[in-house]
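A closer look at the structure
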Amino acid sequence: MYEWKNSTGRLSTPAVQTPARLGVAAEGPGIIYPSGTTFPKESARGRGNFSEVPGFLAQKMQMFQKANSVPIHLKGGPLDKVLFGATLVMCTVGLTGCLSFFYDMSFPKKSD
Amino acid sequence: MTSSHGHHAFHLVDMSPWPLTGSISAMMLTTGLVKWFHQFNPDLLFLGIIATTLTMIQWWRDITREGTYQGLHTKAVTIGLRWGMILFITSEVLFFFSFFWAFFHSSLSPNVEVGSCWPPAGIQTFNPFQIPLLNTAILLASGATVTWAHHAIMESNHTQAIQSLAITVLLGMYFTALQALEYYEAPFTIADSVYGSTFFVATGFHGLHVIIGSTFLSVCLYRLYKCHFSAMHHFGFEAAAWYWHFVDVVWLFLYISIYWWGG
């Protein structure tokens, strides 16, 4: 939208209004599109629109961001506890096995 | 989700048991090896392998959770991860450097015990223009397909990313299968003079790295399928691609020096 400006003697777009209050964004003149202009839709490629997080991924994000003070290695559910327990048991048995082996090897047996 | 410890871009991790279980597993592996050698009993070694595998799965699973699900991998954190991967690969380069040194030490000045010639007298070497050349083509092609996958991820082309990364993994498996066949059909063993030692130790460790790299890429393929990677942020994939290129380059050196020059 253009208007005649006496000061410049020319047609020009309206000046941006200086806002009365601090922090208010000045709004420029809106873009006037010619009638019949078509706008492209968000393009979907492959498995869909990638500007959105898929539902199954959003669910995971929510689960792991719950403020429940559970540490990350246990935050995924009961299977985490099972795996952690199994690892702990194996390490305990293994550590004992190592120490027992060191003790064994420290006293060589005499073979007659 | 911002850092829970003050307003900074770094990631102070939750308390984790994996460094401890990893250390204990490493001791089980080494002590288990010694127990196998001295008492002919591999039980501690097998337990160590399982404990190490469980530690690795859970530790890397937790890193994925922290990065992808909790959003804690900021730009600063990613830079640290990049440096870490670069330094790790550099250490691996130095590891292989020592095996190449060993090879050139013995092959440039072959001693009288092997017949003062290289390859040593009586060793029937592989024809470098048969399976080894095919393996070279396979790894070079896989380097191209992993680059294709990277560009597809950056362009949000999910279909092509899955296809190209899947082809990369298949090529890696094809290489492993062919190399296993070569090992089975080899007319010489690791015990056949220093030729056998240098050949099987260098190519053997390389094959192990191909298996590690293929596993890393397979995990990335699964994560790609689950939409963990965005066009702008996919460092796990980049790390796997760097590792794969390193494996490819090591093979090229192996092929040129051990298979071709040394054959």
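Residues numbered from 1 in each chain as written. Chains lettered and ligands numbered in written order. Predicted model: local features only at pLDDT ≥ 70, side-chain atom pairs only at ≥ 80, totals over all residues. Heavy atoms only, no water.

**Some points on the overall build of chain A**
Along chain A, the regular secondary structure elements total two helices and two strands. Mapped from its N terminus to its C terminus, chain A presents α and β elements in the order β-β-α-α. Of all 112 residues assigned to chain A, the portion counted as buried reaches 13%. Here the analysis covers contacts within chain A between residues at least 6 apart in sequence; of these, 2% occur between residues at least 24 apart. Split by element, the accessible area of chain A, about 9,300 Å² in all, is 60% carbon and sulfur. (Helix = DSSP H or I, 4+ residues; strand = E, 2+ residues; numbered from the N terminus. Buried < 20%, exposed > 50% of the residue type's maximum accessible area, 1.4 Å probe, protein only. Contact = heavy atoms within 4.5 Å. Areas by Shrake-Rupley, 256 points an atom, 1.4 Å probe, with all protein chains shown as cover.)

**Examining the side chain of Glu182(B)**
All names here are of chain B. Relative to the helices and strands, Glu 182 resides in helix α5 (residues 158-185). Of the buried charged residues, Glu 182 lacks a salt bridge, with Arg 223 as the closest side chain of opposite charge at 34 Å. In contact with Glu 182, other than residues within four places in its own chain, are Phe 126, Ile 131 and Pro 132. (Lys, Arg positive; Asp, Glu negative; His and termini not counted. Salt bridge = Lys/Arg side-chain N within 4 Å of Asp/Glu carboxyl O.)

**Considerations on the nonpolar core**
Residue and element names in this part refer to chain B. Within the largest apolar cluster, 48 residues are counted, with the highest numbers of intra-cluster contacts made by Leu 165, Phe 199 and Phe 237. Elements supplying a minimum of two residues to this core: α3 (75-108), α4 (131-154), α5, α6 (193-225) and α7 (235-261). Counting residues per element, this core draws most heavily on α7, which supplies 15 residues. Once residues within four sequence positions are removed from consideration, Leu 165 is found in contact with Ala 149, Leu 217, Cys 220, Leu 221, Leu 224 and Phe 237. (Core = buried A, V, L, I, M, F, W, Y, C linked by side-chain atoms within 4.5 Å.)

**Let's talk about the interface of chain B and chain A**
At the junction of the two partners, chain B supplies 38 residues and chain A supplies 31 residues. Contact with chain A buries surface across chain B, with Arg65(B), Tyr69(B) and Cys227(B) losing the most and accounting together for 19% of the total. In this structure, the connection of chain B to chain A is made through two salt bridges. Residues Asp80(A) and Arg61(B) are paired through a salt bridge, measuring 3.3 Å at the closest nitrogen-oxygen approach. Taken together, chain B and chain A are joined by nine residue pairs in polar contact (both at pLDDT 80 or more). Put simply, the parts of the chain that give the side of chain B that touches chain A at least two residues each are α1 (18-39), α2 (43-69) and α5 of chain B. Per-element accounting of the side of chain B that touches chain A gives the leading share, 13 residues, to α2(B). When the residues that make up the side of chain B that touches chain A are grouped by side-chain class, the tally is 16 nonpolar, 14 polar and eight charged. (Buried area = accessible area lost by both parts, 1.4 Å probe. Polar contact = N/O pair within 3.5 Å; in protein donor to acceptor, adjacent residues only side chain to side chain. Nonpolar A, V, L, I, M, F, W, Y, C, P; charged D, E, K, R; others polar.)

**Quick word on the pattern of salt bridges**
All names here are of chain B. Within the structure shown, the criterion is met by seven salt bridges over all chains. Here Arg 82 and Glu 238 are joined by a salt bridge, their closest N and O atoms 3.1 Å apart. With Arg 82 in helix α3 and Glu 238 in helix α7, the pair connects residues that are 156 residues apart, well separated along the chain. Among the residues examined, Arg 82 registers a relative accessible area of 25% and is labelled partly exposed.

**A look at the domain arrangement of chain B**
Residue and element names in this part refer to chain B. When its domains are assigned, chain B resolves into domain 1 (16-72) and domain 2 (74-260). The interface of domain 1 with domain 2 comprises four residues on the first partner and four residues on the second. On the domain 1 side of the interface with domain 2, the three residues burying the most area are Thr 64, Thr 68 and Leu 72, jointly 77% of the side's total. Counting across the interface, domain 1 meets domain 2 through zero salt bridges. At the junction of domain 1 and domain 2, the tally comes to three residue pairs in polar contact (both at pLDDT 80 or more). (Domains from an automatic or database assignment.)

**Details of the environment of Gly204(B)**
Residues and elements named next belong to chain B. Checked against the element boundaries, Gly 204 lands in helix α6. C-alpha of Gly 204 to C-alpha of Ile 138: the two residues are 66 residues apart in sequence and 18 Å apart in space. With residues up to four places along the chain from it excluded, the contact list for Gly 204 reads Tyr 183 and Phe 199.

**Some remarks on the UniProt feature "transmembrane region" (unreviewed entry) in chain B**
The feature "transmembrane region" (unreviewed entry), as annotated in UniProt, sits at residues 20-38, 44-60, 81-104, 161-179, 199-222 and 242-262 of chain B in this numbering. With 100% helix and 0% strand, residues 161-179 of chain B has its two end C-alpha atoms placed 27 Å apart. (UniProt positions renumbered as here; feature names shortened; annotations may be inferred.)

**Structural notes on the packing of α3(B) against α6(B)**
Residue and element names in this part refer to chain B. Direction vectors running N to C along α3 and α6 enclose 160 degrees, while the axes themselves pass 8 Å from each other. Here α3 lies roughly antiparallel to α6, going by the angle between them. Relative to α6, the crossing made by α3 is left-handed. Counted together, Met 85, Glu 92, Phe 95, Phe 96, Phe 99, Ala 102, Phe 103 and Ser 106 of α3 and Val 194, Thr 198, Val 201, Ala 202, Phe 205, His 206, His 209 and Phe 216 of α6 form the full contact between these two elements. Tallied by class, residues from the contact of α3 with α6 come to eleven nonpolar, four polar and one charged. (Axes fitted to C-alpha atoms, helices over the stretch in contact; angles between N-to-C directions. Parallel < 35°, antiparallel > 145°, perpendicular 65-115°, else oblique. Left-handed = near helix turned anticlockwise from the far one by under 90°.)

**Notes on unusual backbone geometry**
Residue and element names in this part refer to chain B. In this chain, Trp 118 is followed by Pro 119 through a cis amide linkage whose omega measures -5 degrees. Position of Pro 119 among the secondary structure elements: in the loop between α3 and α4. Positive phi, close to 55 degrees, is recorded for Phe 40, a residue that is not glycine. Looking at the element boundaries, Phe 40 is found in the loop between α1 and α2. Located in the positive-phi region is Ser 116, a residue other than glycine, with phi close to 55 degrees. Locating Ser 116 in the fold gives a position in the loop between α3 and α4. Judged by its relative accessible area of 49%, Ser 116 is partly exposed.

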